[in-house]
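Fold and geometry: a report
Residue strings, one per chain:
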Amino acid sequence: MLLAAMLVFWMQPGFALCEAGFTRSKNTVNILMKNFVDFMLGSLLFFFVGFGFMFGGDGAGFIGAPNWGDLSFYKGELPVEGFLIFETVFCATSATIVSGAMAERTKFSMYLVYSAFISLFVYPVEGHWTWGGGWLAGLGFHDFAGSAIVHSVGGVLALIGAIALGPRRGKYGRDGKSRAIPGHSLSLAALGVFILWLGWFGFNPGSQLAASGEVNRNAISHVFLTTNLAAAAGGTATMFLTWLKYGKPSLSLTLNGVLAGLVGITAGCDVVSPWGAVVIGFLCGIVLVFAIEFIDHGLHIDDPVGASSVHGVCGILGTILTGLLATDGGLLYGGGWHFFGVQCLGILVIDLWAAVCGFILFFGIRKIHGLRVEPRVEDEGLDVYEHGESCYN
């Protein structure tokens, strides 16, 4: 469990490098700082109250009880301090996803506010309904490692945040057409995705929370395989689709295709077959390309790193496909409609919760204090104006 927690923590630099690479160099300090803040604030707040909100009350009610830093309420079989760390790194991941969609134009002070709110309240509540033994878990909702609970929540919050902020200056012309704003380093982005791919081997297999005994050894081995196959299938599908669609195989989209496959398989990595994992990864890699294009060109929502498509759309798709492709209970395996229906209900309720919280949070901040930096700051870069230093000298 602790080794898996280390790997999931290692996803934080993966997210940081991926986001930094996909955006402009004048904002790199700001992006790196935000990724540190997510984990620093998330660790403190989840320890102080979030852990109790999520796992307190034996799963009863809308939300658990704040633990105020006292861990004695937890009665599970795992060492409570180790389990707290494991859940903390998952909480920080959900908050980090939002950073990419709101990059290059958000006030750092306001980022602190909404990052804290996500770790303190948004994530623990829906986590209480599911992993905390709440009402969705009682219905049989299955999300092994967080396609819905972590990724779709982060993706929906990212989408609402990007809407509240508005697009970056110069992103859309007077004719309404989208203009590409290239990131400054695909090398950093590629390294970030490799790190995330590695970290996912803690994210998914680690969610078994045990490795001793034949059952657990077989389980984590199976999850390792399905996780890797989905990632490979997602990247491959995106690569060939962009080759056919745009005439060239796009590295930037292929990187997101790998992540799309990883996000999609995270819900059902323990219950689908290896071939099922390939199907999930392939479909997520295909859908990703059209989702990014629709959100950018159709809805005119500026998401610099594609977070809402990768984590939101593919998190939703992976959760639903688990209801179809689970070898025990899946609709396509003769399990009937119940499990599939529960998966659809679960993802709907979880993401409605995220959307409502995101709307209140982001539009509330925009109304009360302002969410976006001044145009001059955005044009010249957040690094110097927000932090007094630059990444490259």
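Definitions and limits used
- Every chain is numbered independently, its residues counted from 1 as its sequence is written.
- Given that the model is predicted, a residue must reach a pLDDT of at least 70 before its local features are reported, and side-chain atom pairs must reach 80 or more before they are shown or counted; all residues, however, enter totals for whole chains, interfaces and linings.
- As a convention, hydrogens and water are excluded, and side-chain values are obtained from all of the structure's heavy atoms.
- Helix and strand assignments come from DSSP, with helices taken as H or I runs of at least 4 residues and strands as E runs of at least 2, each series counted from the N terminus.
- We compute the radius of gyration over the C-alpha atoms and compare it with the globule rule, which gives 2.2 Å times the number of residues raised to the power 0.38.
- Relative accessibility under 20% of the residue-type maximum defines a buried residue, over 50% an exposed one, and the middle range a partly exposed one, all with a 1.4 Å probe and only protein chains included.
- Contact definition: two residues touch when any of their heavy atoms are within 4.5 Å.
- We get accessible surface area from the Shrake-Rupley algorithm with a probe of 1.4 Å; when it comes to residues, only the shown protein chains can shield them.
- Orientation is described by lines fitted to C-alpha atoms, with helices fitted over the stretch in contact, and by angles between N-to-C directions that extend from 0 to 180 degrees.
- The cut-offs work like this: below 35 degrees is roughly parallel, past 145 is roughly antiparallel, 65 to 115 is roughly perpendicular, and the gaps in between are oblique.
- The term salt bridge refers to a side-chain nitrogen of Lys or Arg lying within 4 Å of a carboxyl oxygen of Asp or Glu.
- To define a nonpolar core, start from buried Ala, Val, Leu, Ile, Met, Phe, Trp, Tyr and Cys residues and group those joined through side-chain atoms within 4.5 Å.
- Under the rule applied, a polar contact is a pair of N or O atoms within 3.5 Å (in protein, one hydrogen donor and one hydrogen acceptor; residues adjacent in sequence only if both atoms are side-chain atoms).

What about the overall build of the chain?
- Scanning the chain for helices and strands turns up 15 helices and 0 strands.
- Computed over its C-alpha atoms, the radius of gyration of the chain comes to 20 Å, within 12% of the 21 Å expected for a compact globule of 393 residues.
- The principal-axis extent of the C-alpha atoms belonging to the chain is close to 55 × 50 × 35 Å.
- Of all 393 residues assigned to the chain, the portion counted as buried reaches 57%.
- For the chain, contacts bridging at least 24 residues in sequence account for 77% of all contacts bridging at least 6.
- As displayed, the chain offers around 15700 Å² of accessible surface, 69% of which is attributable to carbon and sulfur atoms.

What about the packing of helix 1 (residues 2-9) against helix 2 (residues 11-22)?
- Here helix 1 crosses helix 2 at 10°, and the two axes come no closer than 4 Å. When the axis of helix 1 is compared with that of helix 2, the two are roughly parallel. On helix 2, the residues touching Leu-7, Val-8 and Phe-9 of helix 1 are Met-11, Gln-12 and Pro-13.

Let's talk about the pattern of salt bridges
- According to the stated counting rule, one finds 9 salt bridges in the structure shown.
- The partner of Glu-104 in a salt bridge is Arg-168, and the shortest N-O contact between them spans 2.5 Å. On the criterion of sequence distance, the pair formed by Glu-104 in the loop between helix 4 (80-101) and helix 5 (108-129) and Arg-168 in the loop between helix 7 (147-165) and helix 8 (186-203) is long-range, its members being 64 residues apart. Assigned by exposure class, Glu-104 and Arg-168 land together as buried.
- With a closest N to O distance of 3.5 Å, Glu-293 and Lys-245 form a salt bridge. Taken together, the residues span a long stretch of sequence, with Glu-293 in helix 11 (residues 274-298) and Lys-245 in helix 9 (residues 214-246) at a distance of 48 residues.
- Taking relative accessible area as the criterion, Glu-293 reaches 27% and is therefore assigned partly exposed.

Things to note about the nonpolar core
- Counting 94 residues, the largest nonpolar core has Tyr-114, Phe-362 and Leu-371 as its most contacted members.
- Apart from the residues lying within four places of it in its own chain, the contact partners of Tyr-114 are Val-98, Met-102, Thr-106, Leu-361, Phe-362, Ile-365 and Leu-371.

Some words on the side chain of Thr-93
- As for its position among the elements, Thr-93 is in helix 4.
- On the basis of relative accessibility, which here comes to 0%, the residue Thr-93 falls in the buried class.
- Of note is the side chain of Thr-93, whose polar atom sits 3.0 Å from the backbone oxygen of Val-89.
- Thr-93 has contacts with Val-8, Gln-12, Phe-15, Val-150, His-151 and Phe-203, leaving out every residue within four places of it along the chain.

None of the figures reported here should be taken as evidence of function without further support.
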